Amino acid sequence: ANAAIAEAARRISTIADGGSVRWLSAHELPEALALKLLDDLPLRRDDQPDLPACFIVPALGADRTLVGAFYIDNGTIDRDTYLVARDLAARVALAVERADAVSALEDARRLAALGQFAAAIAYDIRTPLTSISLNVQILRRKLQLSDDDREHLDIALEELARLDKSVAEILDFAKPVKLAAEDIDVG
């Protein structure tokens with residue numbers, strides 16, 4: 001995406017006879033300006049003196065979402081400049097959206113791997129946790145302990161049960177969802 005933005009800015013600058021071109025992503029744009037750009041029309045300082053550049057070309061992606069905009073200052077800003085900037089902005093929007101989608105996919109893969117890792121650890125923890133719990137229960141029954149000491153073992157058993165519940169929740173979450181298809185009467 002960065003290479004596409006840089007190349008588009010270079011080309012726009014060339015056709016604008018050395019005009020200054022910069023890219024702002026949608027989250028960097030002032031909200032009021034972003035709303036105006038959703039109309040997919042170029043904005044000119046001649047028409048709106050409060051604009052931060054002589055000419056602003058929106059980059060709209062899929063579903064007409066604003067991905068960013070090119071600010072063009074100085075140079076020759078005519079119909080040809082606008083047409084080139086508009087076409088390049090559309091291509092940049094696709095490149096930015098594709099890069100965002102790839103990034104989201106990588107994040108999802110990392111989260112999936114983390115989930116598998118957590119499930120493996122939870123599975124490895126469950127066996128010794130069960131063993132500890134059983135041994136504490138056996139000791140509690142066999143030993144003649146004072147009420148105070150017995151209370152300490154009860155607290156340990158409660159904490160072991162809490163940990164076992166947490167491990168069970170992790171394992172339940174990591175299980176693949178099994179769908180059971182069945183016919184229903186929609187009427």
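Scroll up a little and you will see the structure.
One structure accompanies this document, and this report is about it. On a predicted model such as this, the values are computed, not experimentally measured, just so you know. (Residues numbered from 1 in each chain as written. Predicted model: local features only at pLDDT ≥ 70, side-chain atom pairs only at ≥ 80, totals over all residues. Heavy atoms only, no water.)

## Side note on the nonpolar core
Note on soluble globular proteins: their nonpolar side chains tend to be buried together. Counting 20 residues, the largest nonpolar core has Ile12, Trp23, Val57, Phe70, Ile72 and Val92 as the members making the most contacts within it. Within the residue set of this core, elements represented by two or more residues are α1 (2-15), β1 (20-25), β3 (55-60), β4 (66-73) and α3 (79-142). Among the elements that make up this core, the one with the highest residue count is α3 (7 residues). In contact with Ile12, not counting residues within four places along its chain, are Val21, Phe70, Ile72, Ala85 and Leu88. (Core = buried A, V, L, I, M, F, W, Y, C linked by side-chain atoms within 4.5 Å. Buried < 20%, exposed > 50% of the residue type's maximum accessible area, 1.4 Å probe, protein only. Helix = DSSP H or I, 4+ residues; strand = E, 2+ residues; numbered from the N terminus. Contact = heavy atoms within 4.5 Å.)

## Section: the sheet that holds β3
Reading across from one edge, β1-β4-β3-β2 is the order of the 4 strands in this open sheet, with antiparallel pairing throughout. Of all the strands in the sheet, just β1 and β2 (43-44) have a single pairing partner and so form its edges. Judged from the 6 bridges that link them, β1 and β4 form a sheet pairing that is antiparallel. The partner of Ser20 across the bridge, within β4, is Asp73. Most of the contacts of α1 go to β4, to which it runs at about 35 degrees, and overall it touches β1 and β4. (Pairing = 2+ DSSP bridges. Axes fitted to C-alpha atoms, helices over the stretch in contact; angles between N-to-C directions.)

## A closer look at the packing of α1 against α3
At their nearest, the axes of α1 and α3 sit 9 Å apart, and the two run at 180 degrees to each other. Taken together, the axes of α1 and α3 lie roughly antiparallel to each other. Contacts from Ala4, Ile5, Ala8, Arg11, Ile12 and Ile15 in α1 reach Asp80, Thr81, Val84, Ala85, Leu88, Val92, Ala95 and Val96 in α3. (Parallel < 35°, antiparallel > 145°, perpendicular 65-115°, else oblique.)

## Focus on the packing of aromatic side chains
One pass over the structure, following the stated rule, counts 2 aromatic pairs. Geometrically, the ring pair formed by Phe55 and Tyr82 is edge-to-face, given 6.2 Å between the ring centres and 85 degrees between the ring planes. Placement of the pair is Phe55 in strand β3 and Tyr82 in helix α3, with a sequence separation of 27 residues. Each member of the pair, Phe55 as well as Tyr82, carries the same accessibility label: buried. (Phe/Tyr/Trp six-rings, centres within 6.5 Å; stacked < 30°, edge-to-face > 60°.)

## Quick look at the pattern of salt bridges
Enumeration according to the criterion identifies 8 salt bridges in this entry. One salt bridge connects Arg126 with Asp164, and the closest N-O pair in it is separated by 3.6 Å. Placement of the pair is Arg126 in helix α3 and Asp164 in helix α4 (residues 147-174), with a sequence separation of 38 residues. Of the residues examined, Arg126 reaches a relative accessible area of 31% and is grouped as partly exposed. Three or more residues are tied together by salt bridges with common partners; here these are Glu7, Arg10 and Arg11. (Salt bridge = Lys/Arg side-chain N within 4 Å of Asp/Glu carboxyl O.)

## Examining the pairing of β4
Burial runs high along β4: 8 of the 8 residues are buried. Linking β3 to β4, which pair antiparallel, is a turn of 5 residues; within it Asp63 sits at a positive phi near 60 degrees.

## A look at the pairing of β3
Here β3 lies mainly inside the structure; 6 of its 6 residues are buried. Judged by which residues are buried, β3 turns out to be covered on both faces: Phe55, Val57 and Ala59 on one side and Ile56, Pro58 and Leu60 on the other are all buried. Note: β2 against β3, 2 bridges, orientation antiparallel. Among the inter-strand pairings, Arg44 is bridged to a residue of β3, identified as Phe55. Sheet topology note: the β3/β4 ladder contains 6 bridges and is antiparallel. Within β4, the position partnered with Pro58 by the bridge is Ala69.

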